[in-house]
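Spelled out from the first residue to the last, the chains are:
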Protein chains: 2
Amino acid sequence: MEKFVYDFKEGSKEMKPLLGGKGANLAEMTKIGLPVPHGFTVTTEACNAYYKKGSTLWEELKEEIFKHLQSIETVSGKVFGDVNNPLLVSVRSGAVFSMPGMMDTILNLGLNDQSVEGLAKATNNHRFAYDSYRRFIQMFGDVVLQIKKYKFEHAMEKLKESRNVELDIDLTSEDLKHLVEDFKKITLKETGEEFPQDVRQQLLMAIEAVFKSWNNPRAKVYRKINDIPEHLGTAVNVQMMVFGNMGETSGTGVAFTRNPSNGEKVLFGEFLMNAQGEDVVAGIRTPKEIKDLQERMPNAYQSFVEVCGILEDHYRDMQDIEFTIEKGNLFILQTRNGKRTTHAAINIAVDMVHEGLISKKEAIMRVEPQQLDQLLHPTFDERELEKAEIITKGLPASAGAASGRVYFSPEDVVKANASGEKAILVRHETSPEDIEGMVASVGILTARGGMTSHAAVVARGMGKCCVAGAGEVKIHEAIKQFKVRDQVFHEGDYISLNGNTGEIFTGEIKTQNPQLSGNFEVYMKWADDFRRLKIRTNADTPRDTRQAIEFGAEGIGLCRTEHMFFEDTRIPVVRQMIVSRTIEQRKNALQQLLPMQRQDFLEIFEVMGERPVTIRLLDPPLHEFLPHEDEDVKALAQTMEISYQQLKEVVNDLKEFNPMLGHRGCRLAITYPEIYQMQVQAIIEAAVIAKVERGLEVIPEIMVPLVGEVKELEFVKELIIKTADEVFEEKGTSVQYLIGTMIEIPRACVTADIIAKEAEFFSFGTNDLTQMAYGFSRDDAGSFIKEYIDKAILEKDPFQRIDRTGVGKLMEIAVELGKKARPNIKLGICGEHGGEPNSIEFCHLLGLDYVSCSPFRVPIARLAAAQAAINSKDQLK
Amino acid sequence: MEKFVYDFKEGSKEMKPLLGGKGANLAEMTKIGLPVPHGFTVTTEACNAYYKKGSTLWEELKEEIFKHLQSIETVSGKVFGDVNNPLLVSVRSGAVFSMPGMMDTILNLGLNDQSVEGLAKATNNHRFAYDSYRRFIQMFGDVVLQIKKYKFEHAMEKLKESRNVELDIDLTSEDLKHLVEDFKKITLKETGEEFPQDVRQQLLMAIEAVFKSWNNPRAKVYRKINDIPEHLGTAVNVQMMVFGNMGETSGTGVAFTRNPSNGEKVLFGEFLMNAQGEDVVAGIRTPKEIKDLQERMPNAYQSFVEVCGILEDHYRDMQDIEFTIEKGNLFILQTRNGKRTTHAAINIAVDMVHEGLISKKEAIMRVEPQQLDQLLHPTFDERELEKAEIITKGLPASAGAASGRVYFSPEDVVKANASGEKAILVRHETSPEDIEGMVASVGILTARGGMTSHAAVVARGMGKCCVAGAGEVKIHEAIKQFKVRDQVFHEGDYISLNGNTGEIFTGEIKTQNPQLSGNFEVYMKWADDFRRLKIRTNADTPRDTRQAIEFGAEGIGLCRTEHMFFEDTRIPVVRQMIVSRTIEQRKNALQQLLPMQRQDFLEIFEVMGERPVTIRLLDPPLHEFLPHEDEDVKALAQTMEISYQQLKEVVNDLKEFNPMLGHRGCRLAITYPEIYQMQVQAIIEAAVIAKVERGLEVIPEIMVPLVGEVKELEFVKELIIKTADEVFEEKGTSVQYLIGTMIEIPRACVTADIIAKEAEFFSFGTNDLTQMAYGFSRDDAGSFIKEYIDKAILEKDPFQRIDRTGVGKLMEIAVELGKKARPNIKLGICGEHGGEPNSIEFCHLLGLDYVSCSPFRVPIARLAAAQAAINSKDQLK
């Protein structure tokens, strides 16, 4: 006969698939001799068998359950349903993966009209016994009998009213006894049956309820979203109740084995004497610090300290432990790896390596890479945050916390900043013209746009807090206000943004600046030893570049030349170039831009030393450099001293229905080769100067964007080589350089073999690739992607995490074809995914050479790359 | 020793790779005993060897050439360079594929200061001899010596001035003698050398010039565009000159073996007595009809008729023959398959099958499918067209010819049409709101948009002439005029459009209506017997559907439900639906649309009988149904009796940066399931009515657009099944139906195995797939695609012809994965490519089951599918 029930002492942590997470954990603690209250687990297979048998508990299972219950009775000396010293049990679900939405816990099961008296005797507390009973009926009524909660609550309120008291604890023992009667009546009325007095029946009903909760709608949705197979089933844990409220030698508490806030190696926690767990939670009495337990109950304290040591050693991680002391006896109810701040996580990991408890490899796996954001950006004061009122939520576009006054134009933000105010820029969406305002702000909020919108990308580059695509925010720029449903915010009002969660709050919330501890450097160095992927950065300015190097960047994977075009001194020349009517006019304007671009590149080369630098030639459509509103066009026409009509015509000619799919990237070079010609000249001249005047051997990597057809690349390549040769001839010296391409067009992926013949490197532009693979505009998808995620059609926003199934498949095809045609081709990624841990792991598995991300994501990428290498067992050491 | 020179009698038409097209043809005619002037061919391999040897003619080759020259002398009795009866030759290039851009012809080679006198004697025409000599120097100077043409022309003009004559023929023999001296001086001045008097040197120089012309820039570009390999090389043909101007028993002419205009089996052509070919071309004398030759020279005529018979039988096609009669002797200078109208092509093909000359299979290969357009649409009167003045060119978006008055708004077109005018709608671009104006127009001209823009797609559906994306057309709607450079056109001005070429003309040009001959039906039936692909149509109305069935459509591959939404009576309800603020309001509006849609489908089912009908659920973004200009929004708000503000907010909310990548297709169903629910209900109810009331077993194919992720399809599928089941339950009867999806998103292609598990059919939406695979917006790409084609980066507009390398690769992946998951999956295409012959061939090779195209393209598709089957030797019969 198949075994469906396991005593805690029969299991171990390896039996998680059979016993569920909680069951395996309780078994493990039992196994290593810790004082865990006795109990047993009904297995996940029992759950599956239950469904196979048409949702009924079969006789053999029932027998097995009661056999195990009996053994608890034997060991504990208590009897289930007894009128003197009754055994009470808790019943808890326990799936393999922790699953919200399933039934959680029923406490005090085993109480009925008889045993409640036994409990009163045993605890010497009549009121407690009846309070436990009414709580049990309430819990059982809710989760097992499916009676609406408010029915019980309503009865309770009526009772308090009639007794003219306010708090539950002001009800007397007799009151509670009445309440129990009321609750039983409610049960009868709602279910047509008496509240079950047969404690064995109670137990079976509770177990069945856990099985059923596996298939309730919330649990099903959760499984769908998280790809948890339907066939796993849930286990059920039945455990003897212990009581911390059996007098002055009893108590209950929670403790961490180390300080979860800074990682210091001291016990950290609190306890209450003569109390139950829920009293700690209820917050009616003030708990004491754990060290005070030493004085009160030195033996129990000593036992607890020992248990803490054993558990930490056993689980080799900081533990979060729940305990109860019943009449001087310590019981451990739960242990789990404790949650901690990133600061603590790193300190604990480094300390544990030094203590010899874990290996460096394990240490590296202990910190979620994404968590490092906490260390690099401001955070809200936790206490203030608790009181804050949330307005609405957008996308967590760029990490950090910001609090400031609302302004609706970049100019106003700049002014506010100049007068010492902290300003938050609120826009429908940002555009390159807004850069100055973005720099001057403490944070950015946009109503539209996704995780890779302009605002998001630029803010991440700056390490500035940004919440994007907050659809409920309706902006009225003209009257300088925004509305969220009926709430109105005016210019100058304070709001606060949480860039890690996307939350937007009313008013000011104090923020704390980040601090990097000494262990951070140590920890990151260890990570570097494990990773195979190189980490580069997306940086366009010497300032960003310096920041990225401080964070450990090993090169630039994407230097966007267009951002350089927006500077005050340059944009007029860029516009002259665009408005040119003849090639000569255009070349004239470009001739003015040449020395500026050359200087940019030279400065970046100087900061980077001889680290590799990938420079992307002009990518955005030209209309991005021109204003679109009639008023602005008029103003510009005046400045440029051309007719409004003439400028308007240019603006109209450049207008596109779908600019993402329009005249941009290398397509510009096909029509205006002279633009790329100037850029290449600037790059090569800068490299020559770096070599001749600074002695730097720079090997620039010139990257052609938006190639979909090899002939585009051939065309630009010819132009690059010709231009470079001309520079070499003029300067009488030459430098090495590489020519490569972005892979961001689906067609480029499926023709990568042909393209690789002309390209020395590929850099995956996964923003555009995701747009085109899905047919989602990153600027517009915000309007429906939320619904997609809510309805479990998408698990994750594919602009945040690489979609391995589709986009990833295209990348895989490109890598395979590319390597076939050019085995030593250099492969990287410079889309925003290059800073997202799950995507980095995918890049590692794909065999890319590097990932490139915004400067503030470099540490995250270093750690994620190390973890990917460890996970795939592809470690260098 | 390798043989590099072949006498005409040594070759045959199979030796084209070695002898080139022209050489092989001359050899073939020689072989079958036709009177071809003697000659020889220097092979393509000689050309390649010439380049390998550093571009020099080597001794052995020269010897071989002169040996063959000698054999002409022997046979003809003439001597090269002789002072009495000189042999003159023509030298012509002749590549494997006819290639414009290469050197064409040098005539009269062999003339020098001595032999010119010999020619004078032989022809008894001193003037003719010197005229020939000066022409020879001119031709040789131009193409061999690279002297600019105008230098000679200038000298000629000066001479005519000094002689005070206007025409060349007014120059005397002495004048021409002087001119020859002038020409020789020019040659000396320009080249520093005397004009070569050594006739053998002349010949070698001419041959070398032909070799060199293989590598001139124009020829290289042509090869690149047409994928002609560089290594093929060109042959050179050297042929004895014969003269039609040796008196009244000489003459020259051109004739077709059948009437090229209607196909009638009679000789058709003209001739001139005592003349050379160029005189016919020059048009100075009026040629006579070929039948008159019978009277003038019955023997020569009889010979010619025989030759025509032999050539037609031999080439098994209507021939276009050049002949010369020299002193009563007939010579054939060239024969080639004659160009003909489509009408003639079909008649000739059918006749030749009846005559037993060709097989049906050959007949099917004789007509270019695209040519059928000529039969289905109006065409311009050829004579009027010759005189017409072209304004500019756009894309040939929809076939046909149209002449009418210019109007700039659909309303004005409707008015003009009502008052009996022929109106041409001129717009920046059209949108669904313009439909009525499009219907009322005789043709449509847009300044923007590509081959698959709204205007193009809708016009093709209507079989209406359309020129799209004419970038030079600058429209000023406000003042009702458009400009092309400096030419201004006002409302009411006449213009004419050629939808086959994209040309736009000033003024009115008479058009002819198409006529389908009886042979058309016969021919198309034959085609049907060869094809494997089924041909469906893209049709949204009973009218279009009927038209398509007349043209032979076997089903509907794409019924776009949205076009039904634009009708006068419906658009207000659709707008109500969009502006709804609650689900209830939206459902109310949908409830009103339901009976209308049901009626649409029912009518279509009735027209289609039991042919398959694929209905696509709503695809376009909702903002397409709303106005965008403030003024129109205000007007609509008034009509709808809602506030301007409220409507404006909806319009703003729906606004997208890149609508092509926005909230449309099945994405609408995720957010507003009730829209698809209504559509499905309408489809299923219509099918039930068709069954119950009309006895039709309709199996509707419900198609979900824009699926990129299988869960989208799963979501919609669940909704479809639920809705259908509800209808079945209510009606008490059920019908069969299929659920499938468009494959138009790159991600769908690479995950087609997953998607196929849920889809019973795939229909490739190659318009969108091309957009996303390339990252080209079809509405915007017009601005740079022309440049792409000019610069040979694209061979063809991929929106016109499926790009097999990239888009095709994605399709191939989808077909392979789809079939793997569901071997019997139904595969089709409903993008615009479904009516383009080259793309249809690709679909055949891919193994699709059907192609679907606009009604007027159905005959083209039938023929193209037949040719594809024949070409791939995958014939069913």
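Remember, predicted model here, so these are calculated numbers, not experimental data. (Residues numbered from 1 in each chain as written. Chains lettered and ligands numbered in written order. Predicted model: local features only at pLDDT ≥ 70, side-chain atom pairs only at ≥ 80, totals over all residues. Heavy atoms only, no water.)

1. Focus: the overall build of chain A
Part 1 of the argument: Secondary structure assignment for chain A yields 35 helices and 33 strands.
Part 2 of the argument: The principal-axis extents of the C-alpha atoms in chain A amount to approximately 105 × 60 × 55 Å.
Part 3 of the argument: Burial analysis of chain A (877 residues in total) assigns 58% to the buried set.
Part 4 of the argument: For chain A, the accessible area works out to roughly 35600 Å², and carbon and sulfur atoms hold 48% of it.
Part 5 of the argument: Mean positive and mean negative side-chain charge positions of chain A (105 and 130 charges, respectively) differ by 3 Å. (Helix = DSSP H or I, 4+ residues; strand = E, 2+ residues; numbered from the N terminus. Buried < 20%, exposed > 50% of the residue type's maximum accessible area, 1.4 Å probe, protein only. Areas by Shrake-Rupley, 256 points an atom, 1.4 Å probe, with all protein chains shown as cover. Lys, Arg positive; Asp, Glu negative; His and termini not counted. Charge placed at Lys NZ, Arg CZ, Asp CG, Glu CD.)

2. Some remarks on the UniProt feature "domain: Pyruvate phosphate dikinase AMP/ATP-binding" (unreviewed entry) in chain A
Part 1 of the argument: Here the UniProt-annotated "domain: Pyruvate phosphate dikinase AMP/ATP-binding" (unreviewed entry) positions come out as residues 59-291 and 305-352 of chain A.
Part 2 of the argument: The span residues 305-352 of chain A shows a helical share of 46% and a strand share of 35%, and its end C-alpha atoms are spaced 18 Å apart. (UniProt positions renumbered as here; feature names shortened; annotations may be inferred.)

3. Concerning the pairing of strand β19 (residues 465-468) of chain A
All names here are of chain A.
Part 1 of the argument: Taking every second residue as pointing to the same face, both faces of β19 are buried, with C465 and V467 on one and C466 and A468 on the other.
Part 2 of the argument: Alignment of strand β15 (residues 395-398) against β19, held across 3 bridges, turns out to be antiparallel. Among the inter-strand pairings, P396 is bridged to a residue of β19, identified as V467.
Part 3 of the argument: With 3 bridges connecting them, strand β18 (residues 443-446) and β19 associate as parallel partners. Along β19, the bridge assignment pairs I444 with C466.
Part 4 of the argument: Handedness of the crossover is the feature at issue here: the chain leaves β18, passes through helix α19 (residues 454-462), returns alongside β19, and the resulting connection is right-handed. (Pairing = 2+ DSSP bridges. Right-handed = clockwise from strand over helix to strand, strands pointing away.)

4. Regarding a negative patch on the surface
Part 1 of the argument: Residues E433, E629, E631 and D632 of chain A make up a contiguous surface patch of negative charge.
Part 2 of the argument: Relative to the helices and strands, D632 of chain A resides in helix α24 (residues 630-640). (Patch = residues over 30% accessible without salt bridge, like charges linked within 9 Å, V, L, I, M, F, W, Y side chains within 5 Å. Salt bridge = Lys/Arg side-chain N within 4 Å of Asp/Glu carboxyl O.)

5. Re the relation of the copies chain B and chain A
Two copies of a chain can be linked by a rotation about an axis combined with a shift along that same axis.
Part 1 of the argument: Least-squares fitting of chain B to chain A yields an RMSD of 0.2 Å, with the transformation described by 0.0 Å of translation along the axis and a rotation of 180°. Here the symmetry operator amounts to a two-fold rotation axis.
Part 2 of the argument: Here 100% of the contact residues of chain B are again contact residues in chain A; the copies associate through an equivalent surface. (Least-squares fit on C-alpha atoms with pLDDT ≥ 70 in both. Contact = heavy atoms within 4.5 Å.)

6. Section: helix α31 (residues 766-774) of chain B
Each full turn of the α-helix corresponds to 3.6 residues, which orients residues three or four apart in the same direction.
Residue and element names in this part refer to chain B.
Part 1 of the argument: Among the 9 residues in α31, 9 count as buried, and that is most of the element.
Part 2 of the argument: Looking at α31, one finds that the buried residues are T766, N767, D768, L769, T770, Q771, M772, A773 and Y774.
Part 3 of the argument: Immediately beyond the C-terminal end of α31, within one or two residues, lies G775, with a positive phi of roughly 70°.

7. Focus: the pairing of strand β28 (residues 613-616) of chain A
All names here are of chain A.
Part 1 of the argument: Here β28 shows a buried face lined by V613 and I615 and a second buried face lined by T614 and R616.
Part 2 of the argument: Pairing of β28 with strand β29 (residues 701-704), which is carried by 3 bridges, proceeds in the parallel orientation. Bridging from a neighbouring strand, I615 pairs with I702 of β29.

8. Observations concerning the sheet that holds strand β1 (residues 5-7) of chain B
All names here are of chain B.
Part 1 of the argument: Strand order in the open sheet formed by 5 strands is β1-β2-β7-β5-β6, with antiparallel pairing between adjacent strands. Both edges of this open sheet fall to β1 and β6 (105-109), since each of them pairs with a single strand only. For this sheet, the mean angle separating the axes of adjacent strands, direction not counted, is 20°. (Axes fitted to C-alpha atoms, helices over the stretch in contact; angles between N-to-C directions.)

9. A word on the packing of helix α20 (residues 518-530) of chain A against helix α35 (residues 858-871) of chain A
All names here are of chain A.
Part 1 of the argument: Closest axis-to-axis distance for the α20/α35 pair is 8 Å, and the angle between their directions is 45°. The orientation of α20 with respect to α35, classified from their angle, is oblique. Our pair here, α20 against α35, has a crossing hand that is left-handed. Touching F520, Y523, M524, K525, A527, D528 and F530 of α20 are P859, R862, L863, A866, A869 and I870, all from α35.
Part 2 of the argument: A per-class count over the contact of α20 with α35 returns 10 nonpolar, no polar and 3 charged. (Parallel < 35°, antiparallel > 145°, perpendicular 65-115°, else oblique. Left-handed = near helix turned anticlockwise from the far one by under 90°. Nonpolar A, V, L, I, M, F, W, Y, C, P; charged D, E, K, R; others polar.)

10. Some words on the packing of helix α2 (residues 44-52) of chain A against helix α8 (residues 199-213) of chain A
Residue and element names in this part refer to chain A.
Part 1 of the argument: Close contact between α2 and α8 brings their axes to 10 Å; oriented N to C, the two are set at 85°. The angle between the axes of α2 and α8 places the two elements in the roughly perpendicular class. Across the interface between the two elements, A46, C47, Y50 and Y51 of α2 pack against E208, F211 and K212 of α8.
Part 2 of the argument: Split by residue class, the contact of α2 with α8 holds 5 nonpolar, no polar and 2 charged.

11. Describing the domain arrangement of chain A
Part 1 of the argument: Per the domain assignment, the segments of chain A are domain 1 (5-243), domain 2 (244-340), domain 3 (377-512) and domain 4 (531-621 + 656-876).
Part 2 of the argument: If you average the C-alpha positions of domain 2 of chain A and of domain 4 of chain A, the two centres end up 54 Å apart. (Domains from an automatic or database assignment.)

12. Re the pattern of salt bridges
Residues and elements named next belong to chain A.
Part 1 of the argument: Using the criterion set out here, one finds 123 salt bridges over all chains in the structure.
Part 2 of the argument: In this structure, K13 and E28 form a salt bridge, with 3.8 Å as the shortest nitrogen-oxygen distance. In this pair, K13 sits in the loop between β1 (5-7) and α1 (16-31) while E28 sits in helix α1, placing the two residues 15 residues apart along the sequence.
Part 3 of the argument: Take K13: its relative accessible area is 35%, and that puts it in the partly exposed class.

13. Quick look at the sheet that holds strand β30 (residues 738-743) of chain B
All names here are of chain B.
Part 1 of the argument: Strand order in the closed barrel formed by 8 strands is β26-β27-β28-β29-β30-β31-β32-β33, and the pairing between neighbours is parallel. Taking the axes of each pair of neighbouring strands and ignoring which way they run, one obtains an average angle of 25° across the sheet.
Part 2 of the argument: As paired strands, strand β32 (residues 826-829) and strand β33 (residues 850-853) are joined by 2 bridges and run parallel to one another. In the sheet register, G828 faces β33, and the bridge partner there is Y850.

14. Describing the side chain of Q679 of chain B
Part 1 of the argument: Turning to its location among the elements, Q679 of chain B is positioned in helix α27 (residues 673-694).
Part 2 of the argument: With residues up to four places along the chain from it excluded, the contact list for Q679 of chain B reads T561, F565, Q597, F601, L617 and L618 of chain B.

15. Quick look at helix α22 (residues 571-579) of chain B
All names here are of chain B.
Part 1 of the argument: Within α22, 7 of the 9 residues are buried, leaving the element largely enclosed by the surrounding structure.
Part 2 of the argument: Listed in full, the buried residues belonging to α22 are I571, V573, V574, R575, M577, I578 and V579.
Part 3 of the argument: Those residues of α22 hidden inside the fold are in contact with α23 (583-608), α24 (630-640), α25 (644-654) and α27.

16. Some details on the confidence of the model for chain A
Part 1 of the argument: Taken as a whole, chain A shows an average pLDDT of 91; of its residues, 99% reach a score of 70 or greater.
Part 2 of the argument: Two summary scores accompany this predicted model of the complex, namely pTM at 0.83 and ipTM at 0.82. (pLDDT = per-residue confidence, 0-100.)

17. As for the UniProt feature "domain: PEP-utilising enzyme mobile" (unreviewed entry) in chain A
Part 1 of the argument: With numbering matched to this structure, UniProt assigns "domain: PEP-utilising enzyme mobile" (unreviewed entry) to residues 421-502 of chain A.
Part 2 of the argument: The straight-line gap between the two end C-alpha atoms of residues 421-502 of chain A is 23 Å; of that span, 18% is helix and 37% is strand.

18. Here we look at the state of the cysteines
Residues and elements named next belong to chain B.
Part 1 of the argument: In this structure the tally under the stated criterion is 0 disulfides over all chains.
Part 2 of the argument: Left unpaired, C843 is separated from the closest cysteine sulfur, that of C853, by 11 Å.
Part 3 of the argument: Owing to a relative accessible area of 0%, C843 belongs among the buried residues under this scheme. (Disulfide = S-S within 2.5 Å.)

19. As for the packing of aromatic side chains
Part 1 of the argument: If you walk through the whole model with that rule in mind, you get 42 aromatic pairs over all chains.
Part 2 of the argument: Taken together, a centroid distance of 6.0 Å and an interplanar angle of 85° make the contact between F380 of chain B and F505 of chain B edge-to-face. Placement of the pair is F380 of chain B in strand β13 (residues 379-380) and F505 of chain B in strand β24 (residues 503-506), with a sequence separation of 125 residues.
Part 3 of the argument: Accessibility expressed as a relative area gives 5% for F505 of chain B, which makes it buried.
Part 4 of the argument: Consider the rings of F776 of chain B and Y788 of chain B, whose centres lie 6.1 Å apart with planes at 85°: the pair is edge-to-face. Highlighted residues: F776 of chain B in the loop between α31 and α32 (782-790) and Y788 of chain B in helix α32, separated in sequence by 12 residues.
Part 5 of the argument: The rings of Y774, F776, F784 and Y788 of chain A are connected pair by pair, giving a single aromatic cluster.
Part 6 of the argument: Sitting above the plane of the Y6 of chain A ring, K3 of chain A keeps its charged end 4.7 Å from the centroid. (Phe/Tyr/Trp six-rings, centres within 6.5 Å; stacked < 30°, edge-to-face > 60°. Lys NZ or Arg CZ within 6 Å of the ring centre and 35° of its normal.)

20. A look at the side chain of D412 of chain A
Part 1 of the argument: Note that D412 of chain A resides in helix α17 (residues 410-418).
Part 2 of the argument: Those residues within four positions of D412 of chain A in sequence are excluded, and the remaining contacts are Y407, K480 and E491 of chain A.

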